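Each chain, letter by letter, is given below.
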Amino acid sequence: MAVEGDPRASAKKSLGDALDDLPIFNADNLQNNIKSIYYSRTFLSIIGGVIAGIWGFTGLTGFIFYFIVMAAASFSLAAKAKFSVHAYFDSWSRILLDGIFGGLMIIFR
């Protein structure tokens, strides 16, 4: 039986607290959430490209427009997750950075 001042009890308690603090993710749910980010970024890249083409954005203005669209996508994904990203993803970089450069197409002449 552990007494309140017993060092063994505090070691067990701190070990249990450390295990409780570790985030637990379901791999299937995490993979599904990441897929939805890639699909939404791909869709927005297509739509953003069409809009940039209609509005005549080329060169640097088209490049800046693409990053504005991706920033809006990142903000809306975080808002959809109610800004508690760690409940759905393992890090903020999943929402902010993953897939941004995948939809970018650069043509050099």
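Residues numbered from 1 in each chain as written. Predicted model: local features only at pLDDT ≥ 70, side-chain atom pairs only at ≥ 80, totals over all residues. Heavy atoms only, no water.

Looking at an unreviewed UniProt entry, one finds the protein named ER membrane protein complex subunit 6 and attributed to Musa troglodytarum. Quoted verbatim from the Subcellular location (unreviewed entry) field of the UniProt record, the comment on the protein reads "Endoplasmic reticulum membrane". Word for word, the UniProt comment on the protein under Sequence similarities (unreviewed entry) is "Belongs to the EMC6 family." (UniProt positions renumbered as here; feature names shortened; annotations may be inferred.)

A. How the structure looks around the overall build of the protein. Along the backbone of the protein there are 4 helices and 0 strands. In the protein, the succession of α and β elements from N to C terminus is α-α-α-α. Relative to its 109 residues, the protein shows a buried fraction of 20%. Restricting to contacts in the protein with at least 6 residues of sequence separation, those with at least 24 account for 66%. When the accessible surface of the protein is summed, it comes to about 8400 Å², and 66% of that surface belongs to carbon and sulfur atoms. (Helix = DSSP H or I, 4+ residues; strand = E, 2+ residues; numbered from the N terminus. Buried < 20%, exposed > 50% of the residue type's maximum accessible area, 1.4 Å probe, protein only. Contact = heavy atoms within 4.5 Å. Areas by Shrake-Rupley, 256 points an atom, 1.4 Å probe, with all protein chains shown as cover.)

B. Up close: the confidence of the model for the protein. In the predicted model, the protein carries a mean pLDDT of 76, and the fraction of residues at 70 or more is 70%. Considering each helix and strand of the protein separately, the mean pLDDT is smallest for helix H1 (residues 7–21), with a value of 54, and largest for helix H3 (residues 60–80), with 88. (pLDDT = per-residue confidence, 0-100.)

C. Focus on the packing of helix H2 (residues 27–55) against H3. It is the contact of H2 with H3, at a shortest axis distance of 10 Å, that shows an interaxial angle of 145°. The two elements H2 and H3 cross, and the hand of that crossing is right-handed. Listed contacts from H3 to Ile37, Ser40, Arg41, Leu44, Ser45, Gly48, Ile51, Ala52 and Trp55 of H2 are Phe65, Tyr66, Val69, Met70, Ala73, Ser74 and Leu77. Its residues placed into classes, the contact of H2 with H3 shows 11 nonpolar, 4 polar and 1 charged. (Axes fitted to C-alpha atoms, helices over the stretch in contact; angles between N-to-C directions. Left-handed = near helix turned anticlockwise from the far one by under 90°. Nonpolar A, V, L, I, M, F, W, Y, C, P; charged D, E, K, R; others polar.)

D. A look at H2. The end-to-end C-alpha separation of H2 is 41 Å, in line with the 42 Å expected for 29 residues at 1.5 Å each. The set of residues buried in H2 consists of Leu30, Asn33, Ile34, Ile37, Arg41, Ser45, Gly48 and Ala52. Contact partners of the buried residues in H2: H3 and helix H4 (93–96). Remark: Gly56 follows H2 within two positions and exhibits a positive phi of approximately 80°. (Expected span 1.5 Å × (residues − 1).)

E. Inspection of a nonpolar patch on the surface at higher detail. On the surface, Phe43, Ile46, Ile47, Val50, Ile51, Ile54 and Trp55 cluster together to form a nonpolar patch covering roughly 730 Å² of accessible area. Examined against the element boundaries, Ile47 turns out to sit in helix H2. The exposure class assigned to Ile47 is partly exposed, which follows from its relative accessible area of 34%. (Patch = residues over 30% accessible without salt bridge, like charges linked within 9 Å, V, L, I, M, F, W, Y side chains within 5 Å. Salt bridge = Lys/Arg side-chain N within 4 Å of Asp/Glu carboxyl O.)

F. View of the side chain of Ser74. Following the sequence through the fold, Ser74 ends up in helix H3. Of note is the side chain of Ser74, whose polar atom sits 2.9 Å from the side chain of Arg41. Excluding anything up to four places from it in sequence, Ser74 contacts Arg41, Ile95 and Leu96. (Polar contact = N/O pair within 3.5 Å; in protein donor to acceptor, adjacent residues only side chain to side chain.)

G. Region of interest: the layout of surface pockets. Reported here for the second largest pocket is a volume of approximately 170 Å³. As for the second largest pocket, its lining consists of Asn33, Ser36, Ile37, Leu77, Lys80, Ala81, Tyr88, Phe89 and Ile95. Examining the composition of the lining of the second largest pocket, we find that 3 residues originate from one element, H2, more than from any other. For the lining of the second largest pocket, the class distribution of residues is 6 nonpolar, 2 polar and 1 charged. (1 Å grid on protein atoms, 1.4 Å probe; cavity = no way out; pocket = protein on both sides within 12 Å on 5 of 7 lines; lining within 4 Å. Points joined across faces, edges and corners; volume = space filled by probe spheres on them.)

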